[in-house]
There are 2 protein chains.
Amino acid sequence: MSITAEALPEVTATIADRIFDQLRQAIVEGEIPPGSKISEPVLAARYGISRGPLREAMRRLESSSLVERKPNVGARVITLTSEQLLEIYVIREALEGMAARLAAEHMSDAAIADLKRLLTRHRTDVAQEEWQTYFQKEGDLDFHFRIVQGSGNRRLINILCNDLYHLARMYRCQFGMKSDRARDALKEHELVVEAIAERDGELAEWLMRRHIRKSRKATERRLAAMQE
Amino acid sequence: MSITAEALPEVTATIADRIFDQLRQAIVEGEIPPGSKISEPVLAARYGISRGPLREAMRRLESSSLVERKPNVGARVITLTSEQLLEIYVIREALEGMAARLAAEHMSDAAIADLKRLLTRHRTDVAQEEWQTYFQKEGDLDFHFRIVQGSGNRRLINILCNDLYHLARMYRCQFGMKSDRARDALKEHELVVEAIAERDGELAEWLMRRHIRKSRKATERRLAAMQE
DNA sequence: CGCCCAAAGATTGTCGACAATAAGATTGAC
DNA sequence: GTCAATCTTATTGTCGACAATCTTTGGGCG
């Protein structure tokens, strides 16, 4: 499942849009490593395009804060520091908490049923401990993604899906996160869904915030251990 | 006081950056009216520049969702619907609530003293009922702006100051909002600052969220009355 | 030997021109 | 008279080239 706000057509009409998607993926997945300088002539040649559309794509990457640009100097892929990662968690706590509240109010019964099915699938995944690293983290984002979609707030969806989730994914690719929190996280997910199913927005928000806060603290601990 | 995240140099180095600022201002203040089509040749001629930098600026405006663009067709200034305005309030409730909590934890005593001074100034402004319309709304944003700055979360600051506040301002220019809530709002501001001064993040968040929720409801009522 | 200055190289920013797509107008047919 | 199709026109998307700026390399001076 692709993490984007709207269903994008197979091949985007304009080169600038296509190159934007490609570059974003390349950056998020680390193919273009963090901190590396982005040379317009080189990249244009690599993708077989002109510098015009490339620069337009770069301007959008700049807005997504995936690259940092200095006038007359050039652009570099951002390097996500631990502080920045924790900042993202804080914002997600606020926004996704609200998303959970809205989802409890607006989500259709069918969508909730779907969400429950997703969780049962995750439950079987967690049972097979081996697969942990990759599939579970991907599943975690998938869960959050659906809650946000369920909020029905288009702008909220955009902020989270067009920017923050890409950054979160980038961080994960950068550090090869393997969380030992899979079981706990799953349980927390279940509680959130339960609250949503009961249409208890207040509780859903509270649970979602606690869930993300716990994730942040786990990451904080892992970062501290890494540092030593 | 200019509503931007970082202090921008007097004149920006590159044309694309400068034209971005100018266009954003023109759109926010209604000089380029909502829904109007943006013709690249016309605008380029108007500003005496080429289409290259203009298109780069447009890509950034697109990312800020101030213009909507269809491939091979063109770009139009967005028209803020009432639904979208309310969506923004919801997001602000979540984000600024969190900002208030963080401000209570991180803000320096000097900054808090500054904030208090700002409020006393607003208090005298409110006393002179005449000035209401313009200065008070501007002051309202100024207050929120400072709280967000006080959070110390750079990304949070960016989201609010680079996108949402411009949208809020655009809406205000579009509808010439005069709120009858000045006195209530000021009181709510004072409570928030008090909580921050006491370093009570929990309460600060709660008060800020209630404040924004009340503003949203007032706007909702006004929109409903307008509609009839 | 190290530091500073200058020139060469490379890269970014900007421009005008061409190609491709979409909107609008004109003409023809029913 | 209305609809449809085609042609015209205008706008968007893309490209290559030039100008301005920064970086780097080389040389000279202290």
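What you see is a predicted model; the values in this text were computed from it and never measured.

**Side note on the overall build of chain A**
Looking only at helices and strands, one finds nine helices and three strands in chain A. Secondary structure of chain A in N-to-C order comes out as α-β-α-α-β-β-α-α-α-α-α-α. Going through the 228 residues of chain A one by one, you find that 51% of them count as buried. Sequence separation of at least 24 residues holds for 77% of the intrachain contacts in chain A that already meet a minimum separation of 6. A total of about 11,200 Å² of accessible surface is found on chain A, and carbon and sulfur atoms cover 51% of it.

**Here we look at the pairing of strand β3 (residues 74-77) of chain B**
Consecutive residues of a regular strand have side chains that alternate between opposite faces of the sheet. Residue and element names in this part refer to chain B. Residues of β3 alternate between two faces, with A75 and V77 buried on one and G74 and R76 left unburied on the opposite face. In this sheet, β3 lies alongside strand β1 (residues 37-38) in antiparallel orientation, the contact comprising two bridges. Pairing of I38 across the sheet is with A75, part of β3. What sits between the antiparallel neighbours strand β2 (residues 67-70) and β3 is a turn of three residues, in which N72 has the positive phi angle 65°.

**Some points on the interface of chain B and chain A**
Between chain B and chain A, the contact holds 34 residues from the first and 34 residues from the second. Between chain B and chain A the total buried area reaches about 2,800 Å² when both faces are included, carbon and sulfur atoms providing 54% of it. Counting the surface chain B buries against chain A, the share from its top three residues, E56(B), R59(B) and R155(B), is 24%. Taken together, the connections running from chain B to chain A amount to 10 salt bridges. Across the pair D17(A) and R69(B) runs a salt bridge, and its minimum N-O distance is 2.9 Å. Only α1 (15-28), α3 (51-63), α4 (82-106), α7 (154-175) and α9 (201-227) of chain B provide two or more residues apiece to the side of chain B that touches chain A. Residue contributions to the side of chain B that touches chain A peak at 10 residues, all from α4(B). Residues belonging to the side of chain B that touches chain A are distributed by class as follows: 14 nonpolar, six polar and 14 charged.

**Details of the protein's contact with DNA strand C**
Among the 20 residues in the neighbourhood of DNA strand C, the closest are listed as P41(A), R51(A), R55(A), I15(B) and S50(B). A breakdown of the atoms of DNA strand C within 4 Å of the protein gives sugar and phosphate a share of 70%. Interatomic distance of 2.6 Å between a side-chain N/O atom of R55(A) and a phosphate oxygen of DNA strand C. Between T14(B) and DNA strand C, the recorded distance is 3.1 Å, taken from a side-chain N or O atom to a phosphate oxygen. Secondary-structure elements contributing two or more residues to the surface near DNA strand C are β1 (37-38), α2 (40-47) and α3 (51-63) of chain A together with α1 of chain B.

**A look at unusual backbone geometry**
The residue R199(A) is not glycine, and still its phi comes out positive at about 60°. Relative to the helices and strands, R199(A) is located in the loop between α8 (182-197) and α9 (201-227). In this structure R199(A) comes out as partly exposed when scored by relative accessible area, which is 34%. Its identity as a non-glycine residue notwithstanding, N72(B) has a phi of 65°, on the positive side. Counting through the fold element by element, N72(B) comes out in the loop between β2 and β3. The exposed category is assigned to N72(B), whose relative accessible area is 75%.

**As for the sheet that holds β1(A)**
Two orientations exist for strands paired in a sheet by backbone hydrogen bonds: parallel and antiparallel. If you trace the three strands from one edge of the open sheet to the other, you get β1-β3-β2 (chain A), paired in antiparallel fashion. The sheet is open, and its two borders are formed by β1 and β2 (67-70) of chain A, each paired with just one other strand.

**Some points on the confidence of the model for chain A**
All names here are of chain A. In this model, chain A carries an average pLDDT of 89, and 90% of its residues clear a pLDDT of 70 or more. A low-confidence stretch, residues 1-10 (pLDDT under 50), is modelled with 17 contacts involving residues beyond four sequence positions or located in other chains. Across the interface, the model reports ipTM at 0.89; the global pTM reads 0.90.

**Let's talk about the nonpolar core**
Counting residues in each nonpolar core, the largest one holds 130 residues, and the members touching the most others are L95(A) and L95(B). When near neighbours in sequence (up to four residues on either side) are disregarded, L95(B) contacts I91(A), A94(A), L95(A), L156(B), I159(B), L160(B) and L164(B).

**Details of helix α8 (residues 182-197) of chain B**
Residues and elements named next belong to chain B. With 16 residues, α8 ought to run about 22 Å at 1.5 Å a step, and its terminal C-alpha atoms sit 22 Å apart, in line with that. The complete set of buried residues in α8 reads A182, A185, L186, E188, H189, V192, V193, A195 and I196. Phi turns positive one or two residues past the end of α8, at R199, with a value near 60°.

**Some words on the environment of M58(B)**
Among the structural elements, M58(B) can be located in helix α3. Along the backbone, M58(B) and Q174(B) are 116 residues apart, and their C-alpha atoms lie at a distance of 21 Å.

What counts and how
- Residues numbered from 1 in each chain as written.
- Chains lettered and ligands numbered in written order.
- Predicted model: local features only at pLDDT ≥ 70, side-chain atom pairs only at ≥ 80, totals over all residues.
- Heavy atoms only, no water.
- Helix = DSSP H or I, 4+ residues; strand = E, 2+ residues; numbered from the N terminus.
- Buried < 20%, exposed > 50% of the residue type's maximum accessible area, 1.4 Å probe, protein only.
- Contact = heavy atoms within 4.5 Å.
- Areas by Shrake-Rupley, 256 points an atom, 1.4 Å probe, with all protein chains shown as cover.
- Pairing = 2+ DSSP bridges.
- Buried area = accessible area lost by both parts, 1.4 Å probe.
- Salt bridge = Lys/Arg side-chain N within 4 Å of Asp/Glu carboxyl O.
- Nonpolar A, V, L, I, M, F, W, Y, C, P; charged D, E, K, R; others polar.
- Near = heavy atom within 4 Å.
- Polar contact = N/O pair within 3.5 Å; in protein donor to acceptor, adjacent residues only side chain to side chain.
- pLDDT = per-residue confidence, 0-100.
- Core = buried A, V, L, I, M, F, W, Y, C linked by side-chain atoms within 4.5 Å.
- Expected span 1.5 Å × (residues − 1).

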